[in-house]
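# Overview (structure and organization)
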Amino acid sequence: MGLTRQYLRYGPAALFGLVASARGNAAFVALRGERGRCVAVPACEHVFVWDTRKGEKVLILKGLKQEVSCLCPSPDGLHLAVGYEDGSIRVFSLLSGEANITFNGHKAAVTALQYDHLGGRLVSGSKDTDVIVWDVINESGLYRLRGHKDAVTQVLFLKEKNLLVTSGKDTLVKWWDLDTQHCFKTLVGHRTEVWGMALISEEKRLITGSADSELRVWDISYIQEVKDPDEPESKKSKGSSPGAEENTEEDETLELDEHPEERLVKCSKVGSVMREGRDRIVTLATDRTGKILACHGTDAVLEVFSVLSEEEVQKKLEKKMKKAKKKAKQNSEEEPEGSVELSLQEEIQRVANVRASSKIKSFDLILSPKGELKIVLLLQNNIIELYNLNLSAQVPQAVRASRITIGGHRSDVRTLAFSSDNIAILSAAAESVKIWNRLTLQCIRTMDCEYALCSLFVPGDRHVIVGTKTGKLQLYDLASGSLMETLNAHDGAVWSIALSPDRRGFVTGGADKCVKFWEFELVKDESSVQKRLSMKHVRILQLDEDVLCVRYSPNQKLLAVSLLDCTVKIFYIDTLKFFLSLYGHKLPVLCMDISYDGTLIATGSADRNVKIWGLDFGDCHRSLFAHDDSVMYLQFVAKSHLFFTAGKDSKIKQWDADKFEHIQTLEGHHQEVWCLALSPNGDYVVSASHDKSLRLWERTREPLVLEEEREMQREAEYEESVAKEEQPVVAGETQGEIGLAGKKTIETIKAAERIMEAIELYREEMAKLMEHKAICKAAGKEVPFPVNPILRAYGNITPSAYVLEVFKKVKSSELEESLLVLPFSYVPDLLRLFNEYIHLGLEVELLCRALLFLLKIHFGQITGNHMLVTVIENLKKTTISRVSEARDVLGFNMAGLQYLKREIEAKDEVTFFADATDRFEEKRRKRKKKEKMVLAVL
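Quick summary incoming for the structure in this document. (Residues numbered from 1 in each chain as written. Predicted model: local features only at pLDDT ≥ 70, side-chain atom pairs only at ≥ 80, totals over all residues. Heavy atoms only, no water.)

Moving on to the overall build of the chain. Across its full length, the chain holds 14 helices and 57 strands. Projecting the C-alpha coordinates of the chain onto the three principal axes gives extents of approximately 115 × 115 × 70 Å. Looking at the 938 residues of the chain, the share that counts as buried comes to 48%. At a minimum sequence separation of 6, the contacts of the chain that also span at least 24 residues come to 49%. Approximately 47800 Å² of the chain is accessible, and the part contributed by carbon and sulfur atoms is 52%. (Helix = DSSP H or I, 4+ residues; strand = E, 2+ residues; numbered from the N terminus. Buried < 20%, exposed > 50% of the residue type's maximum accessible area, 1.4 Å probe, protein only. Contact = heavy atoms within 4.5 Å. Areas by Shrake-Rupley, 256 points an atom, 1.4 Å probe, with all protein chains shown as cover.)

Below is the structure:
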């Protein structure tokens, strides 16, 4: 079958107009070793790294489709872990900008990420209530911890012990022992959701924030497990010798037995620190040193607290003691008892409040060695602000160091327009009009305006007109970027504006039930000799309902007007007499367009349908169910009967008005699409959405075949359904606290299929080899053996080596899930092959991991199969010997490294590299200071 009709595919060309999305969190990152200068922020599906000094984008970490929901830089500053809305996590290298590792385990958005202090493990919490611990070095999941009943809000590793603390919207704070992987303690002192949590005072205190203005402070004390050899005897003798000491000891043991979780950690509430904000905590965090604590609610104020160190607490106590003694001496001669204590408010002191220009969504802190605090704020209205706070000052005041705003609007873009040369793009929102260069995507003009609803470029592209919510028309000059004229056009909002085909005027429709006709004219300017452009009102068409949209027919004979009563009325332009009424939509028509030849009119409505009508008789050719929500904008492609629609379902779709076919869907926006604009040549589409982003789509030269498009859509739906499938339920089994970290995805199924194909090829080749040997024996000479083309492509390797190659190519993070999908019939062959590989010492670590996992999941079948007894016995011998060899090599290498470390320490008399770099930095700073002083003197 030949191609009936060929379309050209539109593809994503760029994302612009966005500084930062308010969904995720901002984080300072160290690029080229410099801390406190670059900040990483989520930007829809990407992550932008901004240089706060220059206000420039220095790196873009490209995502796939899903929106970014969480960021966490690694302790070494070389990597950034990014969590997405679909539950996946990708670890990017900040040096190359590439995503090295992908983890798939969560079924819903990732809400919290945290590295341990060495950066070897990463813990993630999600809306699906699970907490998963990942091994970053081995690129695999370790285990899943279940226990929360609602979304997890924060996860924290404790350095001291191998413990994890998690908080959730279920009002609980849970303590997990990662050695045994179980929850040993739950704090239930909160009445509402626990929104934030932070560790201070060298992990001896925990602070939690919930829906009130109270920051609850908990003391953490580790209980030392003393293994005394005399312990059993002392316990036996307790009953016989009832001394005071033994009684107290007995009480303590009883108490510990009543609360078995207290054997690891004791966590008791000390008190509360009151915030000024009355609403819920949104973010609560400390800087990396734990000296500064900050939090904010749903408003624009960040509250900063200072946490005293142990030495400072001691000094304060001594001062208090001295004062108390002095007072006691003055009052009476008795010495005061040692009951002087610091209140919580004295230990955690309020430093300052930082007031931002808009609602704060998240923040990050860095405390410089000089005592200056750098604060980055990610605001709701597409702005990043950087503040400096000098803590050594008498009254610390936050000073705004920089803000990044130029790259986007403060509110949603409501109208877009293309210039006639396809180069300039106009976007207008509630506060400003911006002109963008399509090639460089740079903002070249920003002009203040009122709430814009519609716009157009005046012929000649030197001026633009904007229609506003208050009923005004604003005329701007692009060369100077100034507002030239403001006219009160309508008594209500100006909903629509359309340029006349003869380019001499335009028409506007408003909420005051009027359609007004305007003409361009040149008027004498009082201030200068030259004439300037102005607008003259020439005619008016009064209607019974609010006007939502107006469009001219290309021959300038008809005017289509959509009204609030769900109809579209068509009038003759010359006489303004009524011609046709198009009725059929159940809700008002929000957008419409007339094709270039004037034969078709397409209307898009809030009832989610698009109707295509003939303009000669007003007959409805077809009604199409277009979007899952209101159709917000509709426009024909120049010189064709193809048109684009934008919907509140965040999708943009292309349609054929002759064949009534859906051609393609442009997916990229994450929230409602408000408007779009097509370039006059039809090569570009620009769209604006509630996610604050503007997206540019480009017509490629790639042909689009509808059957293939449908096939790809079906495949995507199948892949989605695979990811949403539940794990098989085993009768009589209850879901435990711990589970496998990974989840079944299309990649794990494909990996399992590749392993199966490799094993089948191995079986076939081994059977052929046996046959070949028999033939050679019968013939009494060597017969040439045909090599499998796949094995030849891999360089004439053996079938068993090919299976190992396939195995090595399975991603580390997907290995367990792939083996879980693998049918048992392939397992005996795999075990025999594993024995062969481990005997040769190939990939011992990987194969041991796979072997132990297979034994775990197929234990019953393997032990019940007599054929596998010898295989397992052989595996046991070879595996133990090879693993002990690997361990010996590791031990030798570790000893060698420690010897080198000692040698270096002895030579340089420094406490290893970290201290050396600190000293080097200090020297460099001093040298620079000296140079500056010398220059100043000169």
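Glancing now at the environment of Trp495. Structurally, the position occupied by Trp495 is in strand β38 (residues 494-499). Owing to a relative accessible area of 38%, Trp495 belongs among the partly exposed residues under this scheme. Put simply, Trp495 and Leu590 are 95 residues apart on the chain and 9.5 Å apart in space, counted from C-alpha to C-alpha. Leave out the neighbours within four places in its chain, and Trp495 touches Leu453, Cys454, Gly509, Gly510, Ala511, Val547 and Leu548.

Turning our attention to the nonpolar core. Phe807, Leu819, Leu831 and Phe834 are the most contacted members of the largest nonpolar core, which has 34 residues in total. Among the elements of the structure, α6 (746-779), α8 (799-809), α9 (815-821), α10 (827-840), α11 (844-857) and α13 (869-908) are those that each provide at least two residues to this core. Broken down by element, this core gets its largest block of residues, 7 residues, from α10. Excluding anything up to four places from it in sequence, Leu831 contacts Leu851, Ile862, Leu868, Val871, Ile872 and Leu875. (Core = buried A, V, L, I, M, F, W, Y, C linked by side-chain atoms within 4.5 Å.)

Here the focus is the sheet that holds strand β48 (residues 609-614). Overall, antiparallel pairing links the 4 strands, which are arranged β46-β47-β48-β49 in an open sheet. Single-partner strands in this sheet number two, and they are β46 (589-594) and β49 (620-625). Geometrically, the sheet is characterised by an average inter-axis angle of 15° between neighbouring strands, direction not taken into account. Sheet topology places strand β47 (residues 600-605) next to β48; 5 bridges connect them, and they run antiparallel. Bridge pairing in β48 places Leu600 opposite Gly614. (Pairing = 2+ DSSP bridges. Axes fitted to C-alpha atoms, helices over the stretch in contact; angles between N-to-C directions.)

This paragraph deals with the pairing of strand β3 (residues 34-43). Most of β3 sits out of view: 8 of its 10 residues are buried. Strand direction decides the pairing type here: strand β2 (residues 27-31) and β3, joined by 4 bridges, are antiparallel. Its bridge partner being in β3, Leu31 is matched across the sheet by Glu34. Hairpin connection, β2 to β3: the antiparallel pair is bridged by 2 residues, and Arg32 has positive phi, about 55°. Two elements, β3 and strand β4 (residues 46-51), share 6 bridges in a ladder whose sense is antiparallel. Following the sheet pairing, Val39 is matched in β4 by Trp50. Connecting β3 to the antiparallel partner β4 that follows it, the hairpin turn spans 2 residues, and Cys44 within it adopts a positive phi of roughly 55°.

A separate point is the sheet that holds strand β10 (residues 110-115). Taking strand neighbours across the sheet as the criterion, the 5 strands line up as β10-β11-β12-β13-β57 in an open arrangement whose pairing is antiparallel. The strands lining the two open edges of the sheet, one partner per strand, are β10 and β57 (738-739). In the sheet, β10 pairs with strand β11 (residues 121-126) via 5 bridges, with the strands oriented antiparallel. Bridging across to β11, Gln114 finds its partner in Val123.

Judged by side-chain charge, Glu753, Glu757, Glu760 and Glu764 come together as a negatively charged surface patch. Of note, Glu753 is situated in helix α6. Under the relative-accessibility criterion, Glu753 is labelled partly exposed at 40%. (Patch = residues over 30% accessible without salt bridge, like charges linked within 9 Å, V, L, I, M, F, W, Y side chains within 5 Å. Salt bridge = Lys/Arg side-chain N within 4 Å of Asp/Glu carboxyl O. Lys, Arg positive; Asp, Glu negative; His and termini not counted. Charge placed at Lys NZ, Arg CZ, Asp CG, Glu CD.)

Below, the discussion takes up the packing of α8 against α11. In contact at an axis separation of 11 Å, α8 and α11 are set at 85° when each is read in the N-to-C sense. The orientation of α8 with respect to α11, classified from their angle, is roughly perpendicular. Judged by residue contacts, Leu804, Phe807 and Lys808 of α8 engage Leu846, Leu847 and Ala850 from α11. (Parallel < 35°, antiparallel > 145°, perpendicular 65-115°, else oblique.)

Now for a nonpolar patch on the surface. On the surface, a nonpolar cluster with roughly 250 Å² of combined accessible area is contributed by Leu740, Leu820, Val821 and Ile857. A relative accessible area of 34% places Leu820 in the partly exposed class.

With that out of the way, let us pick up the packing of α6 against α8. At their nearest, the axes of α6 and α8 sit 9 Å apart, and the two run at 175° to each other. Relative to α8, α6 is oriented roughly antiparallel. Across the interface between the two elements, Arg754, Ile755, Ala758, Ile759, Leu761, Tyr762, Glu765 and Met766 of α6 pack against Pro799, Ser800, Tyr802, Val803, Val806 and Phe807 of α8. Residues belonging to the contact of α6 with α8 are distributed by class as follows: 11 nonpolar, 1 polar and 2 charged. (Nonpolar A, V, L, I, M, F, W, Y, C, P; charged D, E, K, R; others polar.)

This part is about the environment of Lys928. Within the secondary structure, Lys928 is located in helix α14 (residues 912-937). The class of Lys928 is exposed, set by a relative accessible area of 52%. Residues Lys928 and Thr289, spaced 639 residues apart in sequence, show a C-alpha to C-alpha distance of 26 Å.

Applying the stated criterion to the full structure yields 11 aromatic pairs. Between Phe506 and Phe520 the ring centres are 5.4 Å apart and the planes differ by 40°, which places this aromatic pair in the tilted class. Of the two residues, Phe506 sits in strand β39 (residues 505-510) while Phe520 sits in strand β40 (residues 514-524), which places them 14 residues apart along the sequence. Given a relative accessible area of 18%, Phe520 falls into the buried group. Considering the side-chain rings of Tyr572 and Phe579, the 5.0 Å spacing of their centres and the 45° angle between planes classify their relative orientation as tilted. Tyr572 sits in the partly exposed class, given a relative accessible area of 33%. With a relative accessible area of 25%, Phe579 lands in the partly exposed category. (Phe/Tyr/Trp six-rings, centres within 6.5 Å; stacked < 30°, edge-to-face > 60°.)

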